Amino acid sequence: MVHVIKNLPTLAVSLDGNEKNNRFFCSRRDTLKYPHGKLALCSGKVKGCLSFNSSRLVNAFERYTLFGIAQLKLSTVLFSFKEVNNLCSIALNVPCELCDGETTKGSDIEKDNSAKDVYNLELSGKDSLMNSYTENFDTNRPSSFLEETKNPVENRNLYLEELDEKVLSKRILKLSRLNKPKSALAMYKSMIFSGLKPDLHACNSLLSNLLRNEMLDDALKVFNSMKARELTTGHTYSLILKAVADARGCDTAINMFRELISSKNLRENIDIVVYNTMISIFAKANNWDQAQKIWKILHYNGQVGTTVTYRLLICTFVRCGQNELAIDAYSEMIHNGLSPESDTMHAIIGAYSREGKYDSALNVLHCMLDSELKPNARACNAVINSLGKAGKVKLAFEIYDLMKSLGHAPDVYTWNSLLNALNRANRYCDAIQLFERIRNTQSVILNVHLYNTVLTSYHRLGLWDKSVQVLWQMEASELTVSTASYNQVIGACEVARRPKVAIQVYYRMVRQKHSPDIFTLLSLMRVCIWASLYNEAVEILKLSEPNGSLYNAAIQGMCLTGRLDLARKLYMEMRERSLQPDGKTRAMMLQNLPKDSRRNRKR
């Protein structure tokens, strides 16, 4: 049977059960000599016939091909592919075309000279030139090779007339840049099949193109082939690890990474870029624990982190609330003589501020200014808040002025930090004045935090009327008023000795379906006792959950106001509920119990 090889019209192959009848046909009329055969004339239309003998045939029983092609199991022997290439070179120089025994006027080569050096051998079935010849030599099988060459491009090998590795590598590179992954992959497979070695740049470009087109399985096969031929670099590992993490999860990526570093030969090619890639994979998933483990492996293998390494670590740790780890990474970065970038310094300012290290946060802020970096509003707010918590009011307002000079408009967080700074410094009047100025500013929308902060100032000064007014404004603004807001108002009424107003606020709180907490009840208990509203105090105890602190406050208050009968009654009720009195309550009851009762208690 005769097979015409597609895209190689000057050559046809005839394979019979008899080795002596194996022939290549071409359109030459001349007789050409070849070391292992001769070119003869065939019957019918005159064609050149090149025969070959079996002197250099090779056994292909258990031959494997690359890239997942199935094993070839032929019960015959096949001729050397090197001889085939030589025969193809002869045929390519023949100007005419043979197709199913007929000649045509021209050839594909003459129409497209740019493709002269690349011809598709269209390996039938499993990408083998000899797969068209079956094990049982079934002559009834359709012999048209054109019907057997419908495999996708990635399952084909190309006939390579050009054998220069540099030229072929450039073609792979060009095809990859033109986003033609299947053609580039076919070229790569053909080079490997022919024993040629693509250069590193072409391999990485092909790998990147395959991953860009979501061809991960093919990319993994190319990656394994590159590893076998020692064509991998850190960039190669970075590409494949990132793609595996995106497609199959971080666990698969970390398993592949551990497999790579376990090999001594591969570990030498793993540079800091690969470690940075792994850290970035876990940073994207906010998995700070795995990022820390990669950090430890980096040290164990003698690698030195770069600016990118520490930026990834610090930002990940800060984002996940691991401020101490972020500070350790920043300290190591400075110790290694690396200059942090703007993102790193912003993140570490936040870490220092949350840990209460206002001096370190302030130093980093000044370092940014010295490096001509512009701190953002968030970093300035973090420093102001940290200084405010430490009671450094003057420094907090200096950073506020610096913030305005940098062109940042103060927001709600800025004002709340300044108000808290004034409250911590016991400058409640200044805090109230600042709040009034903020409220008169139309560009600022007041929120619950600002209201609660100024309610704290009213509470400390006992300005119950102002606090009640702010509470009504909060409710009218449809803000979510919390239990803490009501507690501040009740506390202001307690300081001002306004028990009836405090009880009204309490009932208002209950009607708004806010559950009072222990601070609410303690404040109400103190207000009622000092106002001699004992019945209301007892009623509060009955309606609330049993709580030792609440009973202690009630008993102590009644003892101090002379209501010993109610104090004894509440004390007995407290013991019946298995609540433990504190030392002050026991001392007061011992002092005020009758002598007979004390004797009986001793017995």
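Undergrad: Could you clarify how one ought to interpret the packing of aromatic side chains in this entry?
TA: The geometry of two aromatic rings is summed up by the distance between their centres and the angle between their planes. Taken as a whole and assessed by the stated rule, the structure comprises eight aromatic pairs. Ring plane angle 45° and centroid distance 6.1 Å describe the contact between Trp 295 and Phe 317, whose orientation is recorded as tilted. Taken as a pair, Trp 295 in helix H12 (residues 288-300) and Phe 317 in helix H13 (residues 307-319) lie far apart in primary sequence, 22 residues in all. With a relative accessible area of 8%, Trp 295 lands in the buried category. Feature note: the residues Phe 397, Tyr 400 and Trp 415 constitute an aromatic cluster, connected by ring pairs. The ring centre of Trp 530 lies 5.6 Å from the NZ or CZ of Arg 497, which sits over that ring. The residue whose ring lies beneath Arg 563 is Tyr 534, and the NZ or CZ to ring-centre distance is 4.8 Å.

Undergrad: I'm lost on the side chain of Ser 190 in this one. Help?
TA: In this structure, Ser 190 sits in helix H5 (residues 181-193). Residue Ser 190 is classed as buried on the basis of its relative accessible area of 0%. In this structure the side chain of Ser 190 is engaged in a polar contact, spanning 2.8 Å, whose partner is the backbone oxygen of Ala 186.

Undergrad: So what exactly am I meant to see when it comes to the environment of Ala 396 here?
TA: With respect to the secondary-structure elements, Ala 396 resides in helix H18 (residues 393-405). Taking the C-alpha atoms as reference points, Ala 396 and Leu 418, 22 residues apart in sequence, are found 7.1 Å from one another. When near neighbours in sequence (up to four residues on either side) are disregarded, Ala 396 contacts Ile 384, Leu 387 and Leu 418.

Scoring rules and cut-offs
Position labels on residues start from 1 in each chain and follow its written sequence. Totals for whole chains, interfaces and linings use all residues, but because this is a predicted model, local features are given only for residues with pLDDT of at least 70 and pairs of side-chain atoms are given and counted only at 80 or more. Think of the side-chain values as coming from all heavy atoms in the structure, minus any hydrogens and water. We call Phe, Tyr and Trp rings a pair once their centres come within 6.5 Å, taking the six-membered ring for Trp, and we label the pair stacked below 30 degrees between planes, edge-to-face above 60, and tilted otherwise. Only DSSP runs of H or I covering at least 4 residues are called helices, and only runs of E covering at least 2 are called strands; the numbering of each starts at the N terminus. Burial classes follow relative accessibility: with a 1.4 Å probe on protein chains only, a residue under 20% of its type's maximum area counts as buried, one over 50% as exposed, and anything between as partly exposed. Geometrically, a charge over a ring is one whose NZ (Lys) or CZ (Arg) sits within 6 Å of the ring centre while staying within 35 degrees of the ring normal. Definition of a polar contact: a pair of N or O atoms within 3.5 Å, with one able to donate and the other able to accept a hydrogen when the atoms are protein atoms, and with sequence-neighbouring residues admitted only if both atoms are side-chain atoms. Contacts are assigned to residue pairs with any non-hydrogen atoms lying within 4.5 Å of each other.

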